[in-house]
Amino acid sequence: MLRTASAVDVVIVGAGPAGLAAARHLTGAGVSVAVLEASPEIGGRSVTDHLDGFRLDHCGRPLAVSAAELRRTPGLGELTPRPFAPGLSVHNGQRVQRISIPRSTRGALSAARALVRADRRTERRTDRQAARRTGPLPDRWAEQDTDRRTVRRLDRRTGRAAPSYATPAAGPAPAVDRPIRDVLASRPAFPPRAHDAFLRPLLGALLCDPQLRGSSRGAAAALRGYAEGQLWLPAGGAFAVPELLAAALPPGTVRTSVRVTAVSTTGVHTAEHGPVPCRAVLVATGARAAAELLPGLRVPAFHPVTVLHHTTAVSGGRGAPSRDTALILPTDGPVAYTYAAGAVDPSRTPPGRALLTTVVLGAAAGLPPAVLDRAARPQLDRIHGAQTRELLTTHHDPYAVPAMPAPHDPERPVRVLAGLYVAGDHRDTGTLQGALNSGRRAARAILQDFGLPALTTEPDTLPAAA
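Quantities reported herein were computed from a predicted structural model and do not represent experimental measurements. Every chain's residues receive numbers from 1 upward, in the order its sequence appears when written. At least 70 in pLDDT is required for a residue's local features to be given in this predicted model, at least 80 for side-chain atom pairs to be given and counted, and no such filter applies to totals for whole chains, interfaces and linings, which use all residues. Computation of side-chain values: all heavy atoms of the structure, hydrogens and water removed.

1. Structural notes on the sheet that holds strand β11 (residues 254-255)
Strands are labelled as partners when DSSP assigns at least two bridges between them. Counting from the N terminus, the helices are the DSSP runs of H or I reaching at least four residues and the strands are the DSSP runs of E reaching at least two. The sheet built from six strands is open, its strands ordered β11-β2-β1-β15-β22-β21 with mixed pairing. Strands at the two margins of the open sheet, each flanked by one partner only, are β11 and β21 (415-417). Note: strand β1 (residues 10-13) against strand β2 (residues 33-36), four bridges, orientation parallel. Opposite V11, over in β2, you have A34 as the bridge partner. Contacts between residues were defined by any pair of non-hydrogen atoms, one from each residue, lying within 4.5 Å. Angles run from 0 to 180 degrees between N-to-C directions of axes, and those axes are lines fitted to C-alpha atoms, restricted for helices to the stretch in contact. Lying on the sheet, helix α12 (residues 432-449) is in contact with β1, β15 (280-283), β21 and β22 (420-422); it crosses β22 at an angle near 165°.

In structure tokens:
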């Protein structure tokens, strides 16, 4: 079954966006690849269900990936974006306030700069205090992220070098990175209530972090991404991303329903077909599955997400959900954000029906579907108008988005050992862009270790807007 894969250069474990992006980069450089996926379908968390003519995403997250970022991954330049209405719509419990694109963009950029300035002020103040007490500032970053340097240890069963993760010696301290909510509460950085209008709900939606406990550095990057691009959905559903990535790979590259049980620098072992030798292995699964294959890999906390899909009959009335293409951010209640997915992307609905997609974050996301639906309906009535709604489906994922607690390194190492690599949004940022970046970085590391030309010399993060 997998005998033809025994001669490949690289085995990639996992057929989500990170693994498929790495496969596209590697095959484009002339490296032979086999992508092994344990599930019957590719895509990872980028799943779109088909139900009675509807296309229903499991994740429900709007994307803020720019066209320039998409073009850096082969195949995604063909992706068709369906943009939301420009600007933002914030619902205060009574009415919707429309925030124009110039105002929302300027506000996002100003907030990003303020977050960075606040961290720099804290860094200078902390450096001075630490120098007075104990000399150079200790490497707190390394204390919280113990997988930044790998060392070799001997696997007793195989005799091969296996990864072990150790805290590196203290070095120069990185810039201070604080929880978002702490920086927002800083009066010199943010005037009282100035950020309540749209910044808090926008950050909660972009990061799936309603309590804003994550990295202020990650928040600044998310705000810059929003300001530089436009919120959009992939035409046809979230599955369009992995589908396009896999479409141009050589026939037979991707193999589904193949479960990898062990990895080393010289191959993998599968439950169905035994060993598969190769020159290098890339583990591109989610963080929990990656830690099972790479003992010692740090597993982050996660933000749970529940997505509710409702349908109504198409109405021509003013403000009907079938016509409104804005992302609506409530400032209170269980709903984090909601939008008319069928209006943004008409290919997601059958004729004569509208599709409302609603996302719930935090503790409320763990409620039973029926309870959550009853709790959300009054809020949806105030936002979209009272009307008869049918709940099509709900999808709850307790491990939907890797958390980015401060301090957060947006580019964690992808090389475990020469010949063994790891990729995924848990190695970068908890977004599609983070998954694509990590796959690209892993492919670059593999090419370098093979002695082949690197993909490009351009940085993994595009320059921020001035």
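2. Section: empty space enclosed by the protein
The pocket and cavity definitions rest on a 1 Å grid over protein atoms only: a 1.4 Å probe that fits but cannot leave marks a cavity, an open set with protein on both sides within 12 Å along at least five of seven lines marks a pocket, and residues lining either have an atom within 4 Å of a point. Grid points are joined across faces, edges and corners, and a volume is the space filled by probe spheres set on the points. Considering all chains together, one arrives at five cavities of 30 Å³ or more under this definition. The wall of the largest cavity is formed by 14 residues, among which L207, D209, H303, P402 and M404 lie closest to the centre. Looking at the lining of the largest cavity, the elements that each hand over two or more residues are α6 (199-207) and β20 (390-402).

3. A closer look at the environment of R298
Within the secondary structure layout, R298 lies in the loop between α9 (287-293) and β16 (302-313). Taking the C-alpha atoms as reference points, R298 and R288, separated by 10 residues in sequence, lie 8.9 Å from one another.

4. Section: the nonpolar core
For the purposes of this section, nonpolar cores are sets of buried Ala, Val, Leu, Ile, Met, Phe, Trp, Tyr and Cys residues that join through side-chain atoms within 4.5 Å. Burial classification: accessible surface area is computed with a 1.4 Å probe over protein chains only, and a residue below 20% of its type maximum counts as buried, one above 50% as exposed, and the rest as partly exposed. The biggest cluster of nonpolar side chains holds 47 residues, and the ones touching the most others in it are L88, L202, L203, L223, V305 and Y337. Setting aside residues no more than four positions away along its own chain, V305 makes contact with C59, C208, V359, V360, L361, A365, H395, H396, D397, A400 and V401. Ranked by size, the runner-up nonpolar core spans 39 residues in total, among them V10, V65, L282 and A435.

5. Considering the sheet that holds strand β14 (residues 274-277)
Neighbouring strands of a sheet are bound in pairs by backbone hydrogen bonds; such pairs are parallel or else antiparallel. Within the open sheet, the three strands sit side by side as β12-β13-β14. Their pairing is antiparallel. Whereas interior strands pair on both sides, the edge strands pair on one side only; in this sheet they are β12 (260-264) and β14. Each strand of the sheet is rotated relative to its neighbour by a mean of 20°, with strand direction disregarded. The pairing of β12 with strand β13 (residues 267-270) spans four bridges and is classified as antiparallel. Paired with S264 across the strands is G267, a residue of β13.

6. Examining the pattern of salt bridges
Pairs may arise between side chains of opposite charge once their charged atoms sit close together. When a carboxyl oxygen of Asp or Glu lies within 4 Å of a side-chain nitrogen of Lys or Arg, that pair is called a salt bridge. Considering all chains together, one arrives at nine salt bridges under this definition. R348 is the partner of D57 in a salt bridge, and the nearest nitrogen-oxygen pair spans 2.8 Å. Linking D57 in strand β4 (residues 54-57) with R348 in the loop between α10 (341-344) and β19 (353-361), this pair joins segments that are 291 residues apart in sequence. R348 carries the same exposure label as D57, and that label is buried.

7. Examining the pairing of β19
Among the nine residues in β19, eight count as buried, and that is most of the element. Pairing of β16 with β19 involves nine bridges; the strand directions are antiparallel. The residue of β19 that forms the bridge with V307 is V359. Sheet topology places strand β18 (residues 335-340) next to β19; five bridges connect them, and they run antiparallel. When the bridges of β19 are listed, Y337 appears paired with V359.

8. Here's the deal with the packing of aromatic side chains
Pairs were defined over the aromatic rings of Phe, Tyr and Trp, the Trp ring being its six-membered one, requiring ring centres within 6.5 Å. Orientation was assigned from the angle between planes: stacked under 30 degrees, edge-to-face over 60, tilted for the rest. Under the counting rule described, the total for this entry stands at two aromatic pairs. For the pair F84 and Y339, a centre-to-centre distance of 5.1 Å together with 85° between the ring planes defines the contact as edge-to-face. A residue pair is termed long-range when its members are at least 10 positions apart, and F84 in the loop between β5 (81-83) and β6 (88-91) and Y339 in strand β18 qualify at 255 residues. When its relative accessible area of 3% is taken as the criterion, F84 is described as buried. Judged by its relative accessible area of 1%, Y339 is buried. Aromatic pair F302 and Y399: ring centres 5.3 Å apart, planes at 85°, arrangement edge-to-face.

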